[in-house]
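# Topology and contacts: notes
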Amino acid sequence: GRPYHLHMDRRFVIRESDTVGPDIVRLVVEAPRVAAHARPGQFVIVRANNNSERIPLTICESDSTEGTIAVVVRAVGRPTIPVNAKSVGEHSADVLGPLGTAAEADHFGTCVGVAGGVGTAIVLPVAQALTEAENQVVAIVGARDAYHLILLDEMNSACGEVIITTDDGSAGIHGFVTDALAALITDRTVDFVFIAGPIPMMRAVSVATRNERTSGV
């Protein structure tokens, strides 16, 4: 018969696996069809093995030439642990996507990407797209401590300015992303805010920008 299973075994191969934080890995996966159509802000549904649960993961990077996408996975429960544990050369059973509505990347003016924890992986591709659209892009990246800050080199490359906050003061400003955003809004006009992180953080950012002439997602 046809070598169908041999073909399946080569699908969604893990090209790279890098630890970027505590229990957080960045995986580069072969997924040519996804890479060819991915837009900033979209995600994939990943299943590590044939009997694994499906989990949504944001497409952090895509390379249509190489036919790869990158996702960031934090091991926080049974569905994520098998994906997080994948090694180079292994493969995922399914990578379905790209899914979701792509983020706006128009010319707004001054844009702020507010990222909490692994939400940095969501904000990064949007920040890159906003910079390419000739916006002035500032990133505010927050985490509980210095060890949980991820993708800072990539964010520095994507943005004109990166402001770091940590809950314990071990890196950057001692405080929360909302504190840094409030100071930034006081200091200059902000035209667009993009937020990704824990729900309480996103709610607090929404409140902080409610009375400003700022559009946000």
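Residues numbered from 1 in each chain as written. Predicted model: local features only at pLDDT ≥ 70, side-chain atom pairs only at ≥ 80, totals over all residues. Heavy atoms only, no water.

Okay, the overall build of the protein chain next. Helix and strand counts for the protein chain come out as seven helices and 13 strands. Relative to a compact globule of 217 residues, whose C-alpha radius of gyration would be 17 Å, the protein chain shows 18 Å and is just as compact. Taken over the C-alpha atoms alone, the protein chain extends approximately 70 × 35 × 25 Å along its principal axes. Expressed as a percentage of the 217 residues in the protein chain, the buried residues total 45%. (Helix = DSSP H or I, 4+ residues; strand = E, 2+ residues; numbered from the N terminus. Rg over C-alpha atoms; globule rule 2.2 N^0.38 Å. Buried < 20%, exposed > 50% of the residue type's maximum accessible area, 1.4 Å probe, protein only.)

With that settled, consider the pairing of strand S12 (residues 192-196). With five of five residues buried, S12 lies mostly within the body of the structure. Pairing of strand S8 (residues 110-116) with S12, which is carried by five bridges, proceeds in the parallel orientation. By the bridge assignment for S12, Gly-113 is matched with Phe-194. (Pairing = 2+ DSSP bridges.)

Read from one edge of the open sheet, four strands run S1-S2-S6-S5, paired in antiparallel fashion. Each having just a single partner strand, strand S1 (14-21) and strand S5 (61-63) make up the two edges of the open sheet. Recorded for the sheet is a direction-independent mean angle of 20 degrees between the axes of neighbouring strands. (Axes fitted to C-alpha atoms, helices over the stretch in contact; angles between N-to-C directions.)

Moving on to the sheet that holds strand S3 (residues 43-47). The strand order across the open sheet formed by three strands is S4-S3-S7, and the pairing between neighbours is antiparallel. Where the open sheet ends on each side, the last strands, each with one partner, are strand S4 (54-58) and strand S7 (94-99). Ignoring which end each strand starts from, the neighbouring axes of this sheet average 25 degrees apart.

With that settled, consider the environment of Glu-161. For Glu-161, the position within the fold is in strand S10 (residues 161-166). Spatially, the C-alpha atoms of Glu-161 and Asp-106 are 19 Å apart, while their sequence positions differ by 55 residues. Setting aside anything within four residues of it in sequence, one finds Glu-161 in contact with Val-137, Val-138, Ala-139 and Arg-188. (Contact = heavy atoms within 4.5 Å.)

All right, on to the packing of aromatic side chains then. The geometry of two aromatic rings is summed up by the distance between their centres and the angle between their planes. Scanning the model with the defined rule gives one aromatic pair in all. Both rings, one in Phe-108 and one in Phe-192, keep their centres 4.2 Å apart while their planes meet at 5 degrees; by these two values the pair is stacked. Separated by 84 residues along the polypeptide, Phe-108 in the loop between S7 and S8 and Phe-192 in strand S12 bring together distant segments of the chain. Looking at Phe-108, the relative accessible area reads 23%, which means it is partly exposed. (Phe/Tyr/Trp six-rings, centres within 6.5 Å; stacked < 30°, edge-to-face > 60°.)

On average, residues of the protein chain score 89 in pLDDT, and 92% of them are at 70 or above. In the model, residues 1-9 has pLDDT below 50 throughout and makes two contacts with residues more than four positions away in sequence or in other chains. (pLDDT = per-residue confidence, 0-100.)

In this section: the pattern of salt bridges. The final tally for this structure, using the stated rule, is 10 salt bridges. One salt bridge connects Arg-15 with Glu-66, and the closest N-O pair in it is separated by 3.5 Å. Within this pair, whereas Arg-15 is found in strand S1, its partner Glu-66 is found in the loop between S5 and strand S6 (68-74), the two being separated by 51 residues in sequence. Exposure remark for Arg-15: the relative accessible area of 36% places this residue in the partly exposed category. Measuring nitrogen to oxygen at the nearest pair gives 2.5 Å for the salt bridge that ties Asp-94 to Arg-47. Highlighted residues: Asp-94 in strand S7 and Arg-47 in strand S3, separated in sequence by 47 residues. (Salt bridge = Lys/Arg side-chain N within 4 Å of Asp/Glu carboxyl O.)

Among the nonpolar cores identified, the biggest contains 26 residues, and Val-72, Leu-151, Met-155 and Cys-159 are the most heavily contacted of them. Within the residue set of this core, elements represented by two or more residues are S8, helix H4 (120-132), strand S9 (136-143), helix H5 (152-158) and S12. For this core, the leading source of residues is H4, giving six residues. Apart from the residues within four sequence positions on either side, Leu-151 is in contact with Cys-60, Val-72, Thr-120, Ala-121 and Leu-124. In this structure, Ala-31, Ala-35, Ala-38 and Val-73 belong to the second largest nonpolar core, which totals 20 residues. (Core = buried A, V, L, I, M, F, W, Y, C linked by side-chain atoms within 4.5 Å.)

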